[in-house]
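An overview of the molecular structure
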There are 2 protein chains.
Amino acid sequence: MDSGSFVRVTIDDVARAAGVSRQTVSRAMNGKGDISAATRRKVLATIEELDYRPSAFARGMRTQRAGTLALVLPDIANPFFPAVARGVFDAAAARGLAVVVHNTDADAAAEAEATRAIVDAGAAGAIGFFEALDDASLSALGRRVPLVVADRPSPDDQVASVRSDFPAGTRAAVEHLFAAGHARLGMLDGAVQNKPERRRTFLEVLTEHGHPDPAGHVVTAPPTVAGGTAGVRDLRARHPEITGVFAFNDLLAIGALRAGEGVAVVGYDDIMMAALLDPPLTTVHTDKYELGRTLVEVLGRRLDGHPPEHRVLAPRLTVR
Amino acid sequence: MDSGSFVRVTIDDVARAAGVSRQTVSRAMNGKGDISAATRRKVLATIEELDYRPSAFARGMRTQRAGTLALVLPDIANPFFPAVARGVFDAAAARGLAVVVHNTDADAAAEAEATRAIVDAGAAGAIGFFEALDDASLSALGRRVPLVVADRPSPDDQVASVRSDFPAGTRAAVEHLFAAGHARLGMLDGAVQNKPERRRTFLEVLTEHGHPDPAGHVVTAPPTVAGGTAGVRDLRARHPEITGVFAFNDLLAIGALRAGEGVAVVGYDDIMMAALLDPPLTTVHTDKYELGRTLVEVLGRRLDGHPPEHRVLAPRLTVR
DNA sequence: ATGAAAGCGCTAACAG
DNA sequence: CTGTTAGCGCTTTCAT
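Given the structure is predicted, the values throughout are model-derived calculations rather than measurements. (Residues numbered from 1 in each chain as written. Chains lettered and ligands numbered in written order. Predicted model: local features only at pLDDT ≥ 70, side-chain atom pairs only at ≥ 80, totals over all residues. Heavy atoms only, no water.)

A closer look at the protein's contact with DNA strand C
Looking at DNA strand C, there are 29 residues lining it, with I11(A), R22(A), Y52(A), Q23(B) and D34(B) nearest. The share of sugar and phosphate among atoms of DNA strand C within 4 Å of the protein is 46%. With respect to DNA strand C, the side chain of N30(A) contributes an N or O atom lying 3.0 Å from a phosphate oxygen. Here a phosphate oxygen of DNA strand C and a side-chain polar atom of Y52(A) are 2.4 Å apart. Among the elements of the structure, α2 (22-30) and α4 (56-63) of chain A together with α2 (22-30) and α4 (56-63) of chain B are those that each provide at least two residues to the surface near DNA strand C. When the residues that make up the surface near DNA strand C are grouped by side-chain class, the tally is nine nonpolar, 11 polar and nine charged. (Near = heavy atom within 4 Å. Polar contact = N/O pair within 3.5 Å; in protein donor to acceptor, adjacent residues only side chain to side chain. Helix = DSSP H or I, 4+ residues; strand = E, 2+ residues; numbered from the N terminus. Nonpolar A, V, L, I, M, F, W, Y, C, P; charged D, E, K, R; others polar.)

Side note on the environment of E290(A)
Residues and elements named next belong to chain A. Here E290 lies in helix α13 (residues 288-303). Measuring from C-alpha to C-alpha, the distance between E290 and A83 comes to 8.9 Å, with 207 residues separating the pair along the chain. Within the structure, the side chain of E290 is placed 3.2 Å from the side chain of R293, a separation counted as a polar contact.

Side note on the protein's contact with DNA strand D
Around DNA strand D, the structure places 27 residues, and the nearest of them are R27(A), R62(A), I11(B), R22(B) and Y52(B). What you see for DNA strand D is that sugar and phosphate hold 53% of its atoms within 4 Å of the protein. Here S21(A) contributes a backbone N or O atom positioned 3.0 Å from a phosphate oxygen of DNA strand D. Separating a base nitrogen of DNA strand D from a side-chain N or O atom of R22(A) is a distance of 2.8 Å. Taken together, the elements giving at least two residues each to the surface near DNA strand D come down to α2 and α4 of chain A together with α2 and α4 of chain B. Residue contributions to the surface near DNA strand D peak at five residues, all from α2(B). Residues that form the surface near DNA strand D fall into these classes: eight nonpolar, 11 polar and eight charged.

Comments concerning the sheet that holds strand β11 (residues 310-313) of chain B
In spatial order, the strands read β11(A)-β5(A)-β4(A)-β3(A)-β1(A)-β2(A)-β2(B)-β1(B)-β3(B)-β4(B)-β5(B)-β11(B); together these 12 strands make up an open sheet with mixed pairing. This sheet does not close on itself; its edge strands, each paired only once, are β11 (310-313) of chain A together with β11 of chain B. This sheet shows a mean twist of 20° between the axes of neighbouring strands, independent of strand direction. Here four bridges tie strand β1 (residues 68-73) of chain B to strand β3 (residues 125-128) of chain B, and the two strands are oriented parallel to one another. Each residue of the ladder has a partner; that of V72(B), found in β3(B), is G128(B). The strands touched by helix α5 (residues 80-94) of chain A are β1 (68-73) and β2 (98-103) of chain A together with β2 (98-103) of chain B; relative to β1(A), the strand with the most contacts, the crossing angle is about 170°. (Pairing = 2+ DSSP bridges. Axes fitted to C-alpha atoms, helices over the stretch in contact; angles between N-to-C directions. Contact = heavy atoms within 4.5 Å.)

Looking at the interface of chain B and chain A
Contact residues are listed per partner, giving 43 residues for chain B and 43 residues for chain A. By the criterion of area lost to chain A, the three top residues of chain B are F57(B), R86(B) and L276(B), representing 19% of everything that side buries. Ionic pairing is found between D75(A) and R86(B), a salt bridge with its closest N-O pair at 2.8 Å. Viewed at the interface, chain A and chain B are joined by nine residue pairs in polar contact (both at pLDDT 80 or more). Put simply, the parts of the chain that give the side of chain B that touches chain A at least two residues each are α4, α5 (80-94), β2, α6 (108-121), α7 (135-144), α11 (250-258) and α12 (272-276) of chain B. Taken together, the residues of the side of chain B that touches chain A break down into 26 nonpolar, four polar and 13 charged. (Buried area = accessible area lost by both parts, 1.4 Å probe. Salt bridge = Lys/Arg side-chain N within 4 Å of Asp/Glu carboxyl O.)

Describing the environment of F89(A)
As for its position among the elements, F89(A) is in helix α5. The class of F89(A) is buried, set by a relative accessible area of 5%. It is 26 Å that separates the C-alpha atoms of F89(A) and R62(A), two residues lying 27 residues apart in sequence. Excluding anything up to four places from it in sequence, F89(A) contacts L71(A), V99(A), V101(A), I76(B), V101(B) and N103(B). (Buried < 20%, exposed > 50% of the residue type's maximum accessible area, 1.4 Å probe, protein only.)

Concerning the pattern of salt bridges
Per the stated rule, a full pass over the model turns up 42 salt bridges over all chains. With a closest N to O distance of 3.4 Å, R16(B) and D13(B) form a salt bridge. Here the residue R16(B) and the residue D13(B) both occupy positions in helix α1 (residues 11-18), the gap between them amounting to three residues, near one helical turn. Counted as one network, the salt bridges with shared partners bring together E290(A), R293(A), E297(A), R301(A), E309(A) and R311(A).

Examining the layout of surface pockets
Here the second largest pocket defines a volume of roughly 1100 Å³. Taken together, 49 residues make up the lining of the second largest pocket; nearest its centre are A77(A), N78(A), P79(A), F80(A) and L251(A). Within the residue set of the lining of the second largest pocket, elements represented by two or more residues are α5, α12 (272-276) and α13 of chain A together with α5 and α12 of chain B. When the residues that make up the lining of the second largest pocket are grouped by side-chain class, the tally is 28 nonpolar, eight polar and 13 charged. (1 Å grid on protein atoms, 1.4 Å probe; cavity = no way out; pocket = protein on both sides within 12 Å on 5 of 7 lines; lining within 4 Å. Points joined across faces, edges and corners; volume = space filled by probe spheres on them.)

Some points on the relation of the copies chain B and chain A
For the pair chain B and chain A, the superposition axis carries a translation of 0.1 Å, the fit reaches an RMSD of 0.2 Å, and the rotation angle comes to 180°. Here the transformation between the copies is reduced to the relation of a two-fold axis. Taking C-alpha positions as reference, the residue of chain B nearest the rotation axis is V100(B), located at 2.1 Å. Of all interface residues in chain B, 100% are interface residues in chain A too; the two copies therefore contact each other through one and the same surface. (Least-squares fit on C-alpha atoms with pLDDT ≥ 70 in both.)

Let's talk about α1(B)
Residue and element names in this part refer to chain B. Buried within α1 are the following residues: V14, A15 and A18. For α1, the angular spread of buried residues about the axis comes to 100°, placing them on one side. Of the residues in α1, the exposed ones pointing more than 90 degrees away from the buried face are R16 and A17. Two or three places before D12, at the opening of α1, T10 has a side-chain oxygen 3.1 Å from that residue's backbone nitrogen. Positive phi appears at G19, one or two residues downstream of α1, with a value of about 70°. (Arc of directions from axis to C-beta.)

Remarks on the domain arrangement of chain A
When cut into domains, chain A gives domain 1 (11-50), domain 2 (56-163 + 289-309) and domain 3 (166-285). The C-alpha centroid of domain 3 of chain A is placed 62 Å from the C-alpha centroid of domain 1 of chain A. (Domains from an automatic or database assignment.)

Concerning the packing of aromatic side chains
Residues and elements named next belong to chain B. Under the criterion given, the structure shown has 12 aromatic pairs over all chains. Taking the centre distance of 6.3 Å and the plane angle of 70° together, the rings of F246 and Y268 count as edge-to-face. You can see F246 sitting in strand β8 (residues 244-247) and its partner Y268 sitting in strand β9 (residues 264-269), a full 22 residues away along the chain. You'll find F246 and Y268 in the same group, each marked buried. (Phe/Tyr/Trp six-rings, centres within 6.5 Å; stacked < 30°, edge-to-face > 60°.)

If you want it as structure tokens, here you go:
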């Protein structure tokens, strides 16, 4: 068996073998329309027997929709995203959806190209970490495909969203530094687009504590280890009195720690590495797997005909 | 523009607008068959003008092949794979292929299901880190879809392969430990299938050095940080004289380091974390991005009609 | 060099 | 409850 060239088993073969029309076969396998239980059983048995697999192309041609979910993200090699992706994969598999990944480097042109590819492929739905694309384009995508945006406001009332509560996470981190006795703080902000919440909340909390010149205590750097090292030195050069630093993400935090400035650092994300460093990193934990899982859940409910939802996941400070 | 419900631009619309038949449009956009340069130019201009995008479904229905590449891997959250995946994504995008990721947890049933999904989807090609699937099934997949296996021997003369030279990497690591004065070594082997080379080479090198009871100095543990901690304690309980440990991968190595046994440890893979630990981890570096890129390159040559190739990438010991 | 005809495998709409 | 009819949009013959 399974030798030589392959001949496809079609819905007509099943219909013939089961002694019914192909429409009945279609109904039996898709569970649509009314069929007698006996007929359905017989058809399903025949499908099994012939090892029939419906053609995704033919089906897509009729329905204009593939059994595919698109996942748009900036960089799978950035330690934040693999955990999210895992949650997406697991939840998608549970719904029988395959996942097409589009890596964009947070580049506007790449994100736009991804939206084009998603529409062309007739994806059943899309989940996206869009960092550079404008709301209008996102909205346009949402009109063509059920869409859930991650960690970004929905561009209109048709697009669902799931986000982590950055203000809450940031507030917990900064208050923790104050509570630990650090009276003068700095922040390493990530040089990324569309992520203003952490910086904004940092400034707010500093103002509440009567900290002098909050805005002057923020430096922006690429969200990498090297960026963190350079950034913290810059910060301390300008404000030697700083003893506590809040970083936009863990990579920046790790870089800051490695700079040898002796300051206390709190990171954001809780990537795997954070717990394994010596000393380990205190950071704001976001449940990345849960984020991925929730994104698919929200998309799934949309596919099932429910209106767009907007979920907010609560981060939690992990003191190490 | 772009408001209201969407009407698809078809090949017939282009044909009509350009004043040619639809075959001519097909020929112009696919570069197949003979067309006068003037006609082609005109058709291409019309395509541009109408923003025509061929239907992937209709095309797939005729050709039984999608513009999609399947990537099968055990766990995207395992730090080894995101870097490989990035290489795959970049190289695939350069060839205009979308990537569908199948996460298997190295489970035989999941790997088999992935092969089914790949065939059903009519993927243009497949790249796989198959850990549990038998050669016969792999061979069957290779008969249906151009296939490249990663870090595993090709099951037959139709399946291409790309692998890292594990024996060379292992030898470098173990010789390094001996050269550093460690006369008694242990190994933390990963409890995974189909990856015997590292253990085998470890045993070989110990034998060459006249080390007593090589096989007795290997313990097997889950390839995780926790596995490494437990494994190294087990190793030292049985052989307190061990001062150097070779680990199947970096996660095991990190776990071994954290056990506080004070032994020298060499890891394998050089995941991002390895360089950031304090002290940093000496490990066998494999270029994961390059592996991903090469997998696509080898697949691409296969798609272009070349015979299956077998590439071996050289790892290199990174002393830290 | 171009066009006409045929059909890939499926499901929505309509009969019965 | 089940069958018939009619395409979805494209590429592959085969003519011309």
